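Given next are the chains, with one letter for each unit.
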Amino acid sequence: MFLLIPLWALLLQGTSAKPSQQAPSQQQPAAPGSTGATTPTKPGVIRGHVYAADTGAGVKHADVSLRPTGRFQPQDSSTDATGGFEFRNVDPGKYTVSCSKSGFVGASYGAKSSNAPAATITVADSQELKDIDCRMQHGGVITGAVLNDEGEPVVYAMVQVLIKTYRRGQPTLTPRSSGTTDDRGRYRIFDLSPGRYYVQASRRGTGPTNNRETAYANVIYPNASRLQDAEAVQLLPGGEALG
């Protein structure tokens, strides 16, 4: 539970650039022994499954994306009742495969963790690739309440879940997810990977209503203004922690 102090009280005390659409190259390499004439390519097939990391059970209705490297034209599919998926008519080239579903942490084929880069797979002419599998962990939840110094709920407070990183040797906090409090001052942030998190709450003094709302300074759980005074929240796979 947070305890937020109004900003006025503290004063009294003291283009993201749009990705360019890169057209896929139309030139195909000449086959060995040819005279340089373009040889028509034959599409391949990619098959795999999406599994729950903890139980090994297939995850049905998961979203699967096949993305060609260096291009912005992914193919999308979904898993069947057993967690299986298939991409047909795949042009020869290099690809990555990623999967996602609500309640799980997104994963990619060949990645060692949810934040690690995906492995690149190569599809040759008429090639059929099997066992291109993804394993997803159940997402964790951090939940709690934000109260002011009088114990009243703070509505529409911004709550961020952050991890500790280092920049030029100095610790800093990097956002991973966020949410807002409801009419009871409560929040619930879900689909989080297991790990150690810091939870920060703030209130800018604006909201969707016409009522004038009080602004509050940033507070890091449980009631710290500095990182060194804050407490980390340990989240287990698929677990729920109070922040």
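Quick caveat, the model's predicted, so the values are computed rather than measured.

Trainee: I'd like to hear about the side chain of S202, residue by residue, with values.
Mentor: Within the fold, S202 resides in strand 15 (residues 195-203). Under the relative-accessibility criterion, S202 is labelled buried at 15%. Looking at S202, its side chain comes within polar contact range of the side chain of N218, at 3.5 Å. Excluding anything up to four places from it in sequence, S202 contacts A157, M158, Y216, A217 and N218.

Trainee: Kindly report on the state of the cysteines, identifying the contributing residues and their values.
Mentor: Scanning the entire structure with this criterion turns up zero disulfides. Left unpaired, C99 is separated from the closest cysteine sulfur, that of C134, by 3.4 Å.

Trainee: Tell me about the layout of surface pockets, residues and numbers included.
Mentor: Each pocket or cavity is described by its volume, and for the second largest pocket that value is around 240 Å³. Taken together, 17 residues make up the lining of the second largest pocket; nearest its centre are A107, K112, S113, S114 and R135. Looking at the lining of the second largest pocket, the elements that each hand over two or more residues are strand 7 (107-108) and strand 10 (134-136). Of all the elements, strand 10 adds the most residues to the lining of the second largest pocket, at three residues. Grouping the constituent residues of the lining of the second largest pocket by class yields seven nonpolar, seven polar and three charged.

Trainee: Any chance you could break down the confidence of the model for the protein chain for me, citing the residues and the numbers?
Mentor: Of all residues in the protein chain, 81% attain a pLDDT of 70 or more, and the chain-wide mean is 86. Taken together, the stretch residues 15-23 has pLDDT below 50 and engages in six contacts with residues farther than four places along the chain or on a different chain.

Trainee: Would you mind going over the nonpolar core in detail, with residue names and values included?
Mentor: Among the nonpolar cores identified, the biggest contains 21 residues, and I46, V50, V97 and M136 are the most heavily contacted of them. Elements that contribute at least two residues to this core include exactly strand 2 (44-52), strand 3 (63-68), strand 5 (84-90), strand 6 (93-100), strand 8 (121-123) and strand 10. By size, the runner-up hydrophobic cluster in this structure holds 18 residues, among which are V146, I163, Y187 and I189.

Trainee: A description of the pattern of salt bridges should follow, citing residues and the corresponding values.
Mentor: Counted under the stated rule, the structure contains seven salt bridges. A salt bridge links E128 to K130, with the nearest nitrogen and oxygen atoms 3.9 Å apart. Overlapping salt bridges bring together R47, E86, R88, E128 and K130 as one network.

Trainee: Lay out the pairing of strand 15 in plain terms, naming residues and giving numbers.
Mentor: Of all the nine residues making up strand 15, eight are buried; the element is thus mostly covered by neighbouring parts of the structure. With five bridges joining them, strand 12 (residues 158-167) and strand 15 adopt antiparallel strand pairing. Bridge pairing links Q160 to Q200 in strand 15. Pairing between strand 15 and strand 17 (residues 233-235): three bridges, direction antiparallel. The residue of strand 17 that forms the bridge with Y197 is V233. In terms of strand pairing, strand 15 meets strand 16 (residues 216-220) through three bridges, oriented antiparallel. Along strand 16, the bridge assignment pairs A201 with V219.

Calculation criteria
- Residue numbering note: each chain is counted from 1, following its sequence as written.
- Whole-chain, interface and lining totals are the exception, using all residues; otherwise, since this is a predicted model, local features are given only for residues with pLDDT of at least 70 and side-chain atom pairs are given and counted only at 80 or more.
- Hydrogens and waters are ignored; side-chain quantities use all the structure's heavy atoms.
- Secondary structure is summarised from DSSP: a helix means a run of H or I of at least four residues, a strand means a run of E of at least two, and numbering begins at the N terminus for each.
- Three labels apply to residues, based on accessible area from a 1.4 Å probe with only protein chains included: buried if under 20% of the type maximum, exposed if over 50%, partly exposed otherwise in between.
- Side-chain atoms alone can form a polar contact between residues adjacent in sequence; in general such a contact is a pair of N or O atoms within 3.5 Å, and within protein one must be able to donate a hydrogen while the other accepts it.
- In this analysis, two residues are considered to be in contact whenever any of their non-hydrogen atoms come within 4.5 Å of each other.
- Defined by distance alone, a disulfide is two cysteine sulfur atoms within 2.5 Å.
- The distinction between a cavity and a pocket rests on a 1 Å grid over the protein atoms alone: a 1.4 Å probe fits inside a cavity but cannot get out, while a pocket stays open yet meets protein on both sides within 12 Å along at least five of seven lines, and a residue with an atom within 4 Å of a point counts as lining.
- Grid points are joined across faces, edges and corners, and a volume is the space filled by probe spheres set on the points.
- Residues are sorted three ways: Asp, Glu, Lys and Arg are charged, Ala, Val, Leu, Ile, Met, Phe, Trp, Tyr, Cys and Pro are nonpolar, and all the rest, Gly among them, are polar.
- pLDDT is a per-residue confidence score from the predictor, ranging from 0 to 100.
- Definition used in this section: a nonpolar core is a set of buried Ala, Val, Leu, Ile, Met, Phe, Trp, Tyr and Cys residues joined via side-chain atoms within 4.5 Å.
- We count a salt bridge whenever a side-chain nitrogen from Lys or Arg sits within 4 Å of a carboxyl oxygen from Asp or Glu.
- We call two strands paired when DSSP finds no fewer than two bridges between them.

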